[in-house]
Structures are given as structure tokens and as C-alpha cells.
Amino acid sequence: MAHLLVGAYYFAEFATYIGVMSAAQAALHVDLTRVALLANSAEQVRATEQSNPATRFMDVLRSLFMRRTIALRKVGEPLRPANDAGAVEVGWKDDQFAYLEVNVILATVNKELAAMNERQPLQAHGLWKRMAADGLILSVGNDVTPKFNRGNGGPGVRVIRVPLGHLEPPPPPPSPGRGPGSGVGPGLGQLGQGSGLAAGTP
């Protein structure tokens, strides 16, 4: 990007020298080029994130929670096929982590991807390893899907352990005249109130 911007600068300087651009037009040309290059760079970053299966999985997972398509129970409570609002119960939560049952959450997210004409390019173990490497889930030792004691006397189940903060929606860009500290956007408490992340959502 830097080389393209330098090229735009030299072009504007030459155009000014031969008289086909005024100084103001040359400055505007450089400014518009800079804006276009920055926008293109941001789009490339978004495309790279979309092409990362781990990031895409987490984006879809977050969306399912925010739309209340899926929900969590408190540790110790048995999972139901769906809660009273029709959300599929996919795991448990405590104060720090969501514990998502691997078979249920993989099938749920992959179904959502298929509905958008997308596919999951990785096998399950490869996906979990990629998510652990990217810091999206936390392993226990080398085990990326540790067995989880549900606290209700039942057998342990394989889960992915997700920090609750990873399931929050990204903060919206600040509105004009509002800085990062303006308080715009939900925090974790607000998210828990209004999404499937609220444990034991009826």
C-alpha cells in the first residue's frame, strides 16, 4: 500500500509540474487515493478473517447466541433439547467460561453455514486445534476438547471451553462526536440479559 501511495504522490507532483493539475487538485488526488487504499486494506483484512475457518466458526457461533437460536444452562443443570423459547441448549456456563458440547455445537454451526451456502473446510479435530491455536478456545494441557463434569452426576462429555468474552458482539464503531469511552454497546451483563448466553434462559 505504501508503494501505491508514493506512486500517487509522484503522479500528482508530475501532473502539477506539467500544468494539468493545480496544487489543490493534486492534494485532493493524493487524499482520495489514501482513503481508497485504506478502505481496500480494511476489506482485505475482513476477507482474510472470513477465510479463517476458526474465526468464521466463532462469528457464526456468536450470531446464533445473539439471535437466541442457541442457549446455555448453568453448570449442574441437565441440557434440554430446547428451552421454552425454542433455543437449542448447547452447553453450560459458569462465571468465566462456556462449555459447549462438541457434537451438538459442531452440528449446529455447520447447519447454519450450510444455510448460507458455506461449508466447514476442516474436520472437527483440526477445527478445534485451529481455534485453540488462535486463542478462541482454551485447552486443558494438550486436550482441546476436555471431558467436562456437568455437576449433576452424569458422565463427562467432551466440550470446547470458550471464554465468555469471546461470545460478546464486537463493539459498534463510535458515532460522530462519541469517543471510545462513550459507553456505546452492550457489556457482558447486558449481553447475558438479552441473549442465549443467559444461563438457564427459560
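Refer to the preceding data block for the structure.
Residues numbered from 1 in each chain as written. Predicted model: local features only at pLDDT ≥ 70, side-chain atom pairs only at ≥ 80, totals over all residues. Heavy atoms only, no water.

Caption draft 1: Local environment of the overall build of the protein. Along the backbone of the protein there are six helices and five strands. In sequence order, the protein lays out its α and β elements as α-α-α-β-β-β-α-α-β-β-α. Scored against the burial criterion, the 202 residues of the protein give a buried share of 32%. Put simply, of all contacts in the protein between residues at least 6 apart along the chain, 54% involve residues at least 24 apart. (Helix = DSSP H or I, 4+ residues; strand = E, 2+ residues; numbered from the N terminus. Buried < 20%, exposed > 50% of the residue type's maximum accessible area, 1.4 Å probe, protein only. Contact = heavy atoms within 4.5 Å.)

Caption draft 2: Structural view of the packing of aromatic side chains. By the definition in use, this model includes four aromatic pairs. For the pair Phe57 and Trp128, a centre-to-centre distance of 5.6 Å together with 90 degrees between the ring planes defines the contact as edge-to-face. With a gap of 71 residues between them, Phe57 in helix H3 (residues 53-66) and Trp128 in helix H5 (residues 124-133) connect regions that are remote in the sequence. Per residue, the accessibility class of Phe57 equals that of Trp128, and both read buried. The structure contains a cluster of three or more aromatic residues connected by ring pairs, namely Trp92, Phe97, Tyr99 and Phe148. (Phe/Tyr/Trp six-rings, centres within 6.5 Å; stacked < 30°, edge-to-face > 60°.)

Caption draft 3: Structural view of the pairing of strand S3 (residues 97-101). Counting buried positions over the five residues of S3 gives four, a clear majority of the element. Across three bridges, strand S2 (residues 88-93) lies against S3 in antiparallel orientation. Each bridged residue has a counterpart across the sheet, and for Trp92 the counterpart in S3 is Tyr99. In this structure, the hairpin formed by S2 and S3 is closed by a connection of three residues. Looking at chain direction, S3 and strand S5 (residues 157-163) are connected through five bridges and run antiparallel. Each bridged residue has a counterpart across the sheet, and for Phe97 the counterpart in S5 is Pro163. (Pairing = 2+ DSSP bridges.)

Caption draft 4: Inspection of the pattern of salt bridges at higher detail. Enumeration over the complete set of coordinates arrives at ten salt bridges. Linking Arg80 and Glu89 is a salt bridge whose minimum nitrogen-to-oxygen distance equals 2.8 Å. Judged by its relative accessible area of 27%, Arg80 is partly exposed. In this structure Glu89 comes out as buried when scored by relative accessible area, which is 4%. Where Arg130 meets Asp134, a salt bridge forms, and the shortest distance between an N and an O atom there is 3.5 Å. Residue Arg130 is classed as partly exposed on the basis of its relative accessible area of 34%. Members of the salt-bridge network, linked through shared partners, are Arg73, Glu77, Arg80, Asp84 and Glu89. (Salt bridge = Lys/Arg side-chain N within 4 Å of Asp/Glu carboxyl O.)

Caption draft 5: The arrangement of unusual backbone geometry in detail. Backbone geometry at Arg68 places phi at a positive 60 degrees, although glycine is not the residue there. Tracing the backbone through its elements, the reader meets Arg68 in the loop between H3 and strand S1 (70-74). We note that Asn117 has phi near 60 degrees; this positive angle belongs to a residue other than glycine. With respect to the element layout, Asn117 can be found in the loop between helix H4 (102-115) and H5.

Caption draft 6: Highlighting the sheet that holds strand S4 (residues 147-148). Here five strands make up an open sheet; going across it, the order is S1-S2-S3-S5-S4 and the pairing mixed. At either end of the open sheet lies a strand with only one pairing partner, and these are S1 and S4. With respect to the sheet, H3 is in contact with S1, S2, S3 and S5, its orientation differing from that of S1 by roughly 75 degrees. (Axes fitted to C-alpha atoms, helices over the stretch in contact; angles between N-to-C directions.)

From the geometry alone we can't say anything about function, so treat these as descriptive.
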